[in-house]
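Given next are the chains, with one letter for each unit.
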Amino acid sequence: MNDSFYHPVQIGNLFLNGNIFLAPMADFSDAPYRSICADCGMDFGYTELISSEALVRDNKKTFAMMARLKNEKAYAVQIFGSNEDTMAEAAKIVLANTSCECIDINCGCPVPKVTKTGAGSALTRNPEKLYSITKAVVQAVENFKGERKDELGLQSSVKGTVPVTVKIRTGWDSSRLTYKECADSAISAGASAITLHGRTTVQGYGGKADWNAIRDLVEYVDRRILVFGNGDVKSPQDAKMMFEQTLCDGIMIGRAAQGNPLIFKRVKEYLTTGKECEISLKESLALGFKEMQLLVCSIGEKGACMKMRGRFSNYIKGFDGAKELRLKVIQCSTQEEFKAVLEPYLS
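So, here's what we can say about the structure. Within any chain, residue numbers begin from 1 and follow the written order of that chain's sequence. Local features in this predicted model are restricted to residues of pLDDT 70 or higher, and side-chain atom pairs are both shown and tallied only at a pLDDT of 80 or more, whereas totals for entire chains, interfaces and linings draw on every residue. For the side-chain quantities, the full set of heavy atoms in the structure was used; hydrogens and water were omitted.

## Observations concerning the overall build of the protein
Each helix and strand in the protein was counted, giving 14 helices and 13 strands. Values of the radius of gyration come from C-alpha atoms, whereas the globule rule sets the reference at 2.2 Å times the count of residues to the power 0.38. Over its C-alpha atoms the protein spans a radius of gyration of 20 Å, differing by no more than 12% from the 20 Å that the globule rule assigns to 347 residues. Seen through its principal axes, the protein has C-alpha atoms that stretch 55 × 45 × 35 Å. Think of it in three bands: residues with accessible area under 20% of the maximum for their type are buried, residues over 50% are exposed, and the middle band is partly exposed, with areas taken using a 1.4 Å probe on protein chains only. Burial status across the protein gives 56% buried among its 347 residues. The contact criterion used throughout is that any non-hydrogen atoms of two residues lie within 4.5 Å. The long-range fraction of contacts in the protein, counting pairs at least 24 apart against all pairs at least 6 apart in sequence, stands at 69%. In the structure as shown, the protein presents an accessible area of about 15,100 Å², 49% of it carried by carbon and sulfur atoms. Each charge class in the protein was averaged separately, 44 positive and 41 negative side chains, and the resulting centres sit 2 Å apart. Secondary structure counts use DSSP, requiring at least four H or I residues in a row for a helix and at least two E residues in a row for a strand, with both numbered from the N terminus. Accessible surface is estimated by sampling points in the Shrake-Rupley manner with a 1.4 Å probe; for residues, cover comes only from the protein chains shown. Positive charges come from Lys and Arg, negative ones from Asp and Glu, while His and the chain ends are left out of the count. One atom stands in for each charge, and that atom is NZ of Lys, CZ of Arg, CG of Asp or CD of Glu.

## Digging into the packing of aromatic side chains
For Phe, Tyr and Trp, rings pair up if their centres lie within 6.5 Å, where Trp contributes its six-membered ring, and each pair is then called stacked (planes under 30 degrees apart), edge-to-face (over 60) or tilted (otherwise). Tallied over the full model, the rule gives 8 aromatic pairs. Look at phenylalanine 21 and phenylalanine 228: their rings are 5.0 Å apart centre to centre, the planes differ by 90°, and that puts the pair in the edge-to-face class. Of the two residues, phenylalanine 21 sits in strand E3 (residues 20-22) while phenylalanine 228 sits in strand E12 (residues 226-230), which places them 207 residues apart along the sequence. By the burial criterion, phenylalanine 21 is buried, and phenylalanine 228 matches it. Considering the side-chain rings of phenylalanine 44 and tyrosine 46, the 5.3 Å spacing of their centres and the 75° angle between planes classify their relative orientation as edge-to-face. Through pairs of rings, three or more aromatic residues link up here, namely Phe21, Phe44, Tyr46 and Phe228. Lysine NZ or arginine CZ positioned within 6 Å of the ring centre and within 35 degrees of the ring normal marks a charge as sitting over the ring. The ring of tryptophan 172 carries the charged tip of arginine 125 above its face, separated from the ring centre by 4.0 Å. Seen from the ring of tyrosine 220, arginine 224 lies directly overhead, with NZ or CZ sitting 5.5 Å from the centre.

## Details of helix H1 (residues 31-39)
Among the 9 residues in H1, 7 count as buried, and that is most of the element. Close packing links the buried residues of H1 with E3, strand E4 (44-46), strand E6 (75-80), helix H10 (263-273), helix H11 (281-299) and helix H12 (301-316). Downstream of H1 by one or two residues, glycine 41 has phi in the positive range, about 105°.

## Structural notes on the pairing of strand E8 (residues 164-169)
For E8, a buried count of 6 out of 6 residues is recorded, marking the element as mostly surrounded by other parts of the structure. By this definition, two strands are paired if DSSP reports at least two bridges between them. Pairing analysis gives 5 bridges linking strand E7 (residues 102-107) to E8, with the strands arranged parallel. Pairing of aspartate 104 across the sheet is with threonine 165, part of E8. Alignment of E8 against strand E11 (residues 193-197), held across 5 bridges, turns out to be parallel. When the bridges of E11 are listed, isoleucine 168 appears paired with leucine 196.

## Concerning the side chain of aspartate 30
Along the polypeptide, aspartate 30 turns up in the loop between E3 and H1. As used in this structure description, the phrase polar contact means that two N or O atoms lie within 3.5 Å; if the pair is within protein, one of them must be able to donate a hydrogen and the other to accept it, and residues adjacent in sequence are counted only when both atoms belong to side chains. A distance of 3.1 Å separates the side chain of aspartate 30 from the backbone nitrogen of tyrosine 33, its partner in a polar contact. Apart from the residues within four sequence positions on either side, aspartate 30 is in contact with Glu48, Leu295, Lys307 and Arg311.

## Some thoughts on the nonpolar core
We call a set of buried residues a nonpolar core when its members are Ala, Val, Leu, Ile, Met, Phe, Trp, Tyr or Cys and they connect through side-chain atoms within 4.5 Å of each other. Counting residues in each nonpolar core, the largest one holds 91 residues, and the members touching the most others are Ile79, Ile103, Phe312 and Phe338. Counting 16 residues, the second-largest nonpolar core is a separate cluster that includes Leu14, Phe21, Ala76 and Met252.

## Side note on the environment of glycine 81
On the secondary structure map, glycine 81 appears in the loop between E6 and helix H4 (84-97). Residue class for glycine 81 comes out buried when judged on its relative accessible area of 8%. Taking the C-alpha atoms as reference, glycine 81 lies 9.8 Å from alanine 54; in sequence the two are 27 residues apart.

## What to know about unusual backbone geometry
Phi at arginine 223 is positive, roughly 70°, even though this residue is not glycine. By the secondary structure assignment, arginine 223 is in the loop between helix H8 (211-221) and E12. Not every positive phi belongs to a glycine, and leucine 247 is a case in point at roughly 60°. Mapped onto the fold, leucine 247 is located in the loop between helix H9 (236-246) and strand E13 (250-253). Residue class for leucine 247 comes out partly exposed when judged on its relative accessible area of 45%.

None of the figures reported here should be taken as evidence of function without further support.
Structure below.
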């Protein structure tokens, strides 16, 4: 087994021990879940996408989305927007209110309510705009002189300027693939890394991710910038194949990590030893209950239990009897109800 696929990476001034990351996912990659993933071998995680407009308007709920928990050694805050001045101001707000080690610019979200504002993957249609936004954020970070702090009093592990990275898609649709132009814009603007999700905006999350595009981008940038691959890594074997086929510097795992935080441990073990460890329903549910406790502490029992209906459904996915068990899970509204339904499977 080729263990060179799993290795440390340096993103600007940020040093990471490994290169298997949790992707930013709306309403999913919050602090409690990233905390679980960190315990399960995640090397680096990203917040869900954060609105620059909401940060500038001092929206308290948006500020809460940037939180981290103490066991997460390093993390990135991902911001989105279509105005370079607002994005620059948002970057300064992120630095002043968090201990994040990286700021990532979302140029990949395909959701219409984001793209219709000119943000997210709409920026793949306009590499010049992508450049101006990235440049503004990079300059704001480089010129930041304020004091850094967060609610937990954590200090960033980055020594020096926090790196800025960019996440893109291959293009708007198959008729205009712009990932090379977007990469050129990101590099020229001073970004430290770029993540390519191998789908177009029109594809959304359907169809097959184009790993050839990731390989093409790796060859095109020719070491001028780190390239991370994203899309259709659903198993340890997929992770190895993505590394083999694309030669990317790291892998970002999204939907396959939902309710499956141990995928990070399994990927790392497979890449380094060739062994594939299996997960039991008991192990999976134990992590789900741990996440529920963290969510309760974060947002209260009612909100936590509403979220855990879907999240426990993911934790039991693929196991025998999952369909019937899910019908019971989605009816639960309290911690005690979840325990009554699921604790028998923990013995």
